Amino acid sequence: MNRPTRTALVGGSALLAIVVVTAAAIGFGGKSPSTSSSTTRALPATAPVTRTTLTRSQQVNGVLGYGASVTVAGRGSGTLTWLPRLGATIKRGRSVYRADDDPVPLFYGRLPLYRQLRIGDAGRDVEEVERNLAALGYPGLTVDHRYTWATAVAVRRWQKDLGLTQTGVFDPASVVIAPGAIRVASLTGRLGTPGSGPILAYTRTTKVVSIALDVALQTLVRRGLPATVELPDGKTAKGRIAEVGTVATPGPDEQRPATIDVTVTLRDQSKIGRLDRAPVVVSLVSDSVRDVLTVPVAALAVLAEGGYGLQVVTGSTSRYVPVRLGMFGDGRVEVSGDGITEGTRVGVPE
């Protein structure tokens, strides 16, 4: 079930609002007001000119869940003898699966381990192994690029705790590498089958919003930018863009555009509850200006001499003042002009 994508820029809505306000302004007096006119007639409702940060947003569809899954393939020659339950969370040092009843634990890292490591070896893979052993509480080793005697001693202690043969040589097939804690999303392997193929798939442990973003909108997204997520129950959650894909996926047909994958992380997971694979609407900030004077879009009026103005109300009188328009957003518009300051009261048709 897909919710309709609301993709019109607020700026486009604001232009429509100007047309409506223009018609209203002309309708009230029969013609466009002039900057030379002032009146003591019944005054309209007013709103103050405010100084604020104005943002313009783009709304797109997303899916709330645990993000894309990653497949774990066994690299040993044993037989699968234990698998975790679906939905289980596995942290560093805990078993991801067992082969020949030997545990294959989780190590944190991003570099795939590709070789056996022994005394005299050096490299980033050595540092990754040492960092995990140190985090698991094995003392005496220095976390660096060198596989020393102290590293081998720590490996032997770790092997002993796992019930493995104590060789002091680190085998990359003896662990599963992931960037952090994992959540078991699906099980492919079966007990009693060889542990050398796909065994399970995992996701991250916290929920995120996944967006297949139209490539035409990719300039709106950048790592670290804020985003607001509207949940199915109408509540909103604050988020931040965490990942932006660099490879476009072609659309299924000419009517649907190519997309890039965008991931939004959420600050407060408690707002999400048990929702999973739920459709959501994400507001992406497309533009922002700080410390500008703004008024409601409805306050704009078309002037007889051309351009737009505001009805400035002072006491029991009012007059129209021409203004220059800036960015539209959040139902407001950036304005500047002579006599327009923070706190100025302007007419807003009811």
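One structure accompanies this document, and this report is about it. (Residues numbered from 1 in each chain as written. Predicted model: local features only at pLDDT ≥ 70, side-chain atom pairs only at ≥ 80, totals over all residues. Heavy atoms only, no water.)

1. Focus: the sheet that holds strand E7 (residues 95–99)
What counts, and what does not: Strands pair, by our definition, only if DSSP identifies at least two bridges between them. Secondary structure follows DSSP: runs of H or I at least 4 residues long count as helices, runs of E at least 2 residues long count as strands, and numbering of each begins at the N terminus. Helix axes are fitted only over the stretch in contact, all axes being lines through C-alpha atoms; the angle between N-to-C directions runs from 0 to 180 degrees.
In space, the four strands of this open sheet follow the order E5-E7-E8-E9, with mixed pairing throughout. The open sheet terminates on both sides in strands that have one partner only, identified here as strand E5 (80–82) and strand E9 (176–178). Taking each pair of neighbouring strands and ignoring which way they run, the sheet shows an average axis angle of 35°. Note that strand E8 (residues 102–108) and E9 share three bridges and pair parallel. Bridge assignment links Tyr108 to a residue of E9, and that residue is Ala178.

2. Examining the sheet that holds strand E4 (residues 70–73)
Taking strand neighbours across the sheet as the criterion, the four strands line up as E4-E11-E10-E6 in an open arrangement whose pairing is antiparallel. Single-partner strands in this sheet number two, and they are E4 and strand E6 (89–90). Looking at chain direction, E6 and strand E10 (residues 182–187) are connected through two bridges and run antiparallel. Paired with Thr89 across the bridge in E10 is Arg183.

3. Comments concerning the pairing of strand E20 (residues 332–336)
The condition that has to hold: Only protein chains enter the accessibility calculation, which uses a 1.4 Å probe. A residue is then buried if its area is under 20% of the maximum for its type, exposed if over 50%, and partly exposed in between.
Residues Val333 and Val335 line the buried face of E20, whereas the alternating positions Arg332, Glu334 and Ser336 sit on a face that is not buried. Bridge analysis of strand E16 (residues 278–296) against E20 gives three bridges, and the strand direction is antiparallel. Bridge pairing links Pro296 to Arg332 in E20. Here four bridges tie strand E19 (residues 317–329) to E20, and the two strands are oriented antiparallel to one another.

4. Considering the nonpolar core
Filter applied, for reference: Among the buried residues, those of types Ala, Val, Leu, Ile, Met, Phe, Trp, Tyr and Cys that are joined through side-chain atoms within 4.5 Å form a nonpolar core. A contact between two residues is defined here by any heavy atoms of the two lying within 4.5 Å.
Among the nonpolar cores identified, the biggest contains 23 residues, and Leu64, Val209, Ile211, Leu213, Val229, Val282 and Leu284 are the most heavily contacted of them. Apart from residues no more than four positions distant in its own chain, Val282 is found in contact with Gln58, Gln59, Val60, Val209, Ile211, Ala227, Thr228 and Val229.

5. Here's the deal with the packing of aromatic side chains
Here is the rule we go by: Note on aromatic pairs: the rings of Phe, Tyr and Trp (six-membered ring only in Trp) are paired at centre separations within 6.5 Å, and the planes decide the class, stacked below 30 degrees, edge-to-face beyond 60, tilted for the rest.
Evaluated as defined, the whole model comprises three aromatic pairs. Where Phe107 meets Trp158, the ring centres are 5.4 Å apart and the plane angle is 50°; that geometry is what we call tilted. Residue Phe107 is found in strand E8, and its partner Trp158 is found in helix H3 (residues 149–162); the two are separated by 51 residues along the sequence. Here Phe107 matches Trp158 in class, with each residue buried.

6. What about a positive patch on the surface?
To keep things clear, this is the line we draw: Patches here are clusters of residues that have more than 30% relative accessible area and form no salt bridge, with a 9 Å joining cutoff for like charges and a 5 Å cutoff for nonpolar side chains (Val, Leu, Ile, Met, Phe, Trp, Tyr). The method behind every accessible area is Shrake-Rupley, applied with a 1.4 Å probe, and residues are considered shielded solely by the protein chains displayed. A pairing counts as a salt bridge when a side-chain nitrogen of Lys or Arg comes within 4 Å of a carboxyl oxygen of Asp or Glu. Neither His nor the chain termini are counted; the positive set is Lys and Arg, and the negative set is Asp and Glu. Here the site of a charge means NZ on Lys, CZ on Arg, CG on Asp, or CD on Glu.
Taken together, the side chains of Lys235, Lys238, Arg240, Arg267 and Lys271 define a basic patch exposed on the protein surface. Inspection of the secondary structure assignment puts Arg240 in strand E14 (residues 236–244). For Arg240, a relative accessible area of 33% puts it in the partly exposed group.

7. Re the pattern of salt bridges
The full count for this structure, using the stated rule, is eight salt bridges. Ionic pairing is found between Asp125 and Arg115, a salt bridge with its closest N-O pair at 2.7 Å. Here Asp125 is found in helix H2 (residues 124–135), whereas its partner Arg115 is found in the loop between E8 and H2, with ten residues between them in sequence. For Arg115, a relative accessible area of 26% corresponds to the partly exposed category. Salt bridges linked by common partners bring Arg51, Asp291 and Glu342 together as one network.

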